Amino acid sequence: MSREYVDVLIVGAGISGIGAAWYLQKEHPAKSYAILEGRGAIGGTWDLFRYPGIRSDSDLHTFGFAFKPWTHEKSIAGAGEILDYLRETVAENGIDRHVRFRHQVKGAAWSSEGARWVVDVERADTGERTKIECGWLFCAAGYYRYDEGYRPRFEGEERFEGRIVHPQHWPEDLDHAGKRVVVIGSGATAVTLVPAMAETARQVTMLQRTPTYILPVPSKDRLANALRKYLPAETAYEITRRKNIGTQRLIYGFCRRFPKAARRWLRAINTRMLPEGFPVDQHFDPPYEPWDQRLCAVPDGDLFRAIRAGTASVVTDRIETFTERGIRLASGEELEADIIVTATGLNLQTCGGIALVVDGAPVRFAEKVAYRGMMLDGVPNFSFAIGYTNSSWTLKIGLLCEHFCRLLAHMDRNGHAICVAERADPDMKTRPLLDFGAGYVKRSLHELPRQGEAYPWLMSMDYVEDTKLLREGSVEDRHLRFRPRVSSKSHPPVLRAVG
């Protein structure tokens with residue numbers, strides 16, 4: 001039986017996959033493509049997480065797509081508004097016709113002879129297995145596991161008589177109104193959950209082992225909302241986007257170049273927003289420098305407002321054991337709780353957990369090095385999408401998609417069928433792929449690909465530099481090899497996808 005063939009197969013219908021599809025059909029309208037989504041809806045992260053208050057921690061003028069203005073009055077938006085924006089994007093551009101839901105990619109095998117991938121797909125709803133062939137495989141599945149979050153085991157947790165929940169699997173029937181809640185963690189999820197649950201809970205306590213840098217930001221961008229009254233939406237969006245990119249770069253650069261001054265600045269902001277006499281240094285003074293880990297943004301200082309109102313509190317201590325009524329800490333204090341939320345982070349994985357094989361040899365991701373932040377050495381016709389960790393994720397995704405389309409155009413012009421990045425020096429010095437100190441990253445570094453010390457093997461986190469290299473720089477590079485199809489023998493007929 002003939003197999004279906006598409007020129008590009010995109011894995012994942014989240015914000016990265018949608019962006020990849022838009023750029024592909026704009027720059028290469030004649031190419032066929034399909035998006036395989038393992039779940040039953042688009043949106044990725046924004047459809048998966050359902051915990052109270054879930055929102056972006058980047059402004060939507062930079063987190064949104066360059067090609068579609070964000071026109072909501074709120075710049076820091078909730079998952080509902082973000083999903084509406086994504087659904088509009090796929091509907092307006094006909095991308096929804098290319099998405100196949102509940103199609104889970106299990107593995108993919110590359111053949112240099114045929115210059116194509118054979119992708120193993122399982123239907124999550126029926127269990128049916130099928131194969132799809134493609135010229136390029138574009139993985140837009142992010143870098144964490146959707147089926148499970150990181151959930152350490154705590155001593156005595158089986159004794160606890162209340163409910164224990166993880167934000168990645170939030171129960172629809174969980175009612176926290178009037179309850180005592182302990183949220184374990186201090187990252188973006190925890191600082192979102194605490195003020196949201198504090199609106200109706202009896203008391204919410206954020207229990208952290210180590211403090212996090214917290215930066216209040218306005219939920220509404222006054223300039224953006226003013227500009228839209230007088231300018232076309234696209235113009236207002238572009239001006240706001242440029243302003244916010246500059247602001248992000250300014251804050252990040254200041255924190256990295258002057259960490260002691262940045263620490264004092266952040267402490268002063270926190271002190272001003274917390275109750276008088278609050279032990280700021282105990283609960284909001286991390287033992288690392290600003291941006292060693294990602295700053296947590298809180299819109300309109302909602303976490304601080306909840307603390308001032310007395311509906312939320314912060315405890316910095318270590319867990320000794322769970323008890324029947326809550327958690328006993330190393331200090332001997334016991335936190336009583338009806339609900340305990342383990343906001344303990346993510347489990348990372350490479351390329352959506354897809355097993356890759358190249359000409360019969362399994363790809364060992366931990367031995368691979370990222371090329372231009374979008375390919376892996378020795379893996380032909382394969383791209384992946386990972387956004388910025390020090391700025392809005394989508395800024396990087398847009399540049400990667402533009403470069404990917406330029407790469408396809410170069411191959412078409414020159415009659416190339418195969419493109420592969422190759423290290424000239426197999427013993428090249430490398431370092432971890434993700435260069436920041438979050439616990440969920442450190443736990444998984446040994447399983448992820450690596451990056452080099454210099455471009456093009458460097459996983460750049462600088463938007464201005466990436467703009468020059470990915471949007472304006474040459475596609476050709478001495479580390480990139482282009483080849484014709486190894487065999488000129490005819491191939492079995494394929495069913496070409498109709499989009």
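Refer to the structure above for everything that follows.
So, here's what we can say about the structure. (Residues numbered from 1 in each chain as written. Predicted model: local features only at pLDDT ≥ 70, side-chain atom pairs only at ≥ 80, totals over all residues. Heavy atoms only, no water.)

### Here's the deal with a nonpolar patch on the surface
We count it as follows: Here the term patch refers to residues with relative accessible area over 30% and no salt bridge, with like charges joined within 9 Å and nonpolar side chains (Val, Leu, Ile, Met, Phe, Trp, Tyr) within 5 Å. Using the Shrake-Rupley algorithm and a 1.4 Å probe, accessible areas are obtained, with residue cover drawn only from the displayed protein chains. Whenever a carboxyl oxygen of Asp or Glu lies within 4 Å of a side-chain nitrogen of Lys or Arg, that contact is scored as a salt bridge. Secondary structure elements are defined from DSSP: runs of H or I of at least 4 residues count as helices, runs of E of at least 2 residues count as strands, and each element is numbered from the N terminus. Three labels apply to residues, based on accessible area from a 1.4 Å probe with only protein chains included: buried if under 20% of the type maximum, exposed if over 50%, partly exposed otherwise in between.
There is a patch of nonpolar side chains on the surface, built from Leu223, Tyr230, Leu231 and Ile239 and spanning about 390 Å² of accessible area. Topologically, Tyr230 is positioned in helix α6 (residues 222–230). A relative accessible area of 70% places Tyr230 in the exposed class.

### Some details on the pairing of strand β13 (residues 312–316)
Short version of the rule: The pairing criterion for strands is at least two bridges between them, as found by DSSP.
Across the five residues of β13, four count as buried, placing the element largely inside the fold. Bridge count for strand β10 (residues 203–208) against β13 is five bridges, and the pairing is parallel. Paired with Gln208 across the strands is Thr316, a residue of β13.

### So, the nonpolar core
Stated precisely, the cut-off is as follows: The criterion is simple. A nonpolar core is a set of buried Ala, Val, Leu, Ile, Met, Phe, Trp, Tyr and Cys residues joined through side-chain atoms within 4.5 Å.
In this structure, Trp117, Leu137, Phe284, Leu356 and Phe382 are the most contacted members of the largest nonpolar core, which totals 141 residues. The element best represented in this core is helix α11 (residues 393–414), accounting for eleven residues. With twelve residues, the next largest nonpolar core counts Val182, Ile184, Ile327 and Leu335 among its residues.

### Some details on the packing of aromatic side chains
To keep it simple, the criterion reads: Note on ring pairs: Phe, Tyr and Trp rings are taken, using the six-membered ring of Trp, and paired if centres are within 6.5 Å. Classes follow the plane angle, with under 30 degrees stacked, over 60 edge-to-face and the rest tilted.
Applying the stated criterion to the full structure yields 24 aromatic pairs. Aromatic pair Phe154 and Phe322: ring centres 5.2 Å apart, planes at 15°, arrangement stacked. Residue Phe154 is located in the loop between β7 (144–149) and β8 (163–165), and its partner Phe322 is located in strand β14 (residues 319–322); the two are separated by 168 residues in the primary sequence. The residues Phe154 and Phe322 share a single accessibility class, namely buried. Taking the centre distance of 5.3 Å and the plane angle of 70° together, the rings of Tyr371 and Trp457 count as edge-to-face. Taken as a pair, Tyr371 in strand β21 (residues 370–371) and Trp457 in the loop between β26 (450–452) and α13 (463–472) lie far apart in primary sequence, 86 residues in all. Through pairs of rings, three or more aromatic residues link up here, namely Trp22, Tyr23, Phe65, Phe67, Trp70 and Tyr85.

### Focus: the side chain of His166
The cut-off we apply is this: Pairs of N or O atoms are called polar contacts if they sit within 3.5 Å, as long as, within protein, a hydrogen donor faces a hydrogen acceptor (for residues adjacent in sequence, only side-chain-to-side-chain pairs). Residue contacts are counted whenever heavy atoms from the two residues lie within 4.5 Å of one another.
Secondary-structure assignment places His166 in the loop between β8 and β9 (180–184). Reaching out from His166, the side chain makes a polar contact with the backbone nitrogen of Gln168 at a distance of 3.0 Å. When neighbours within four sequence positions are excluded, His166 is seen to be in contact with Gly149, Tyr150, Arg151, Thr342, Thr344 and Gly345.

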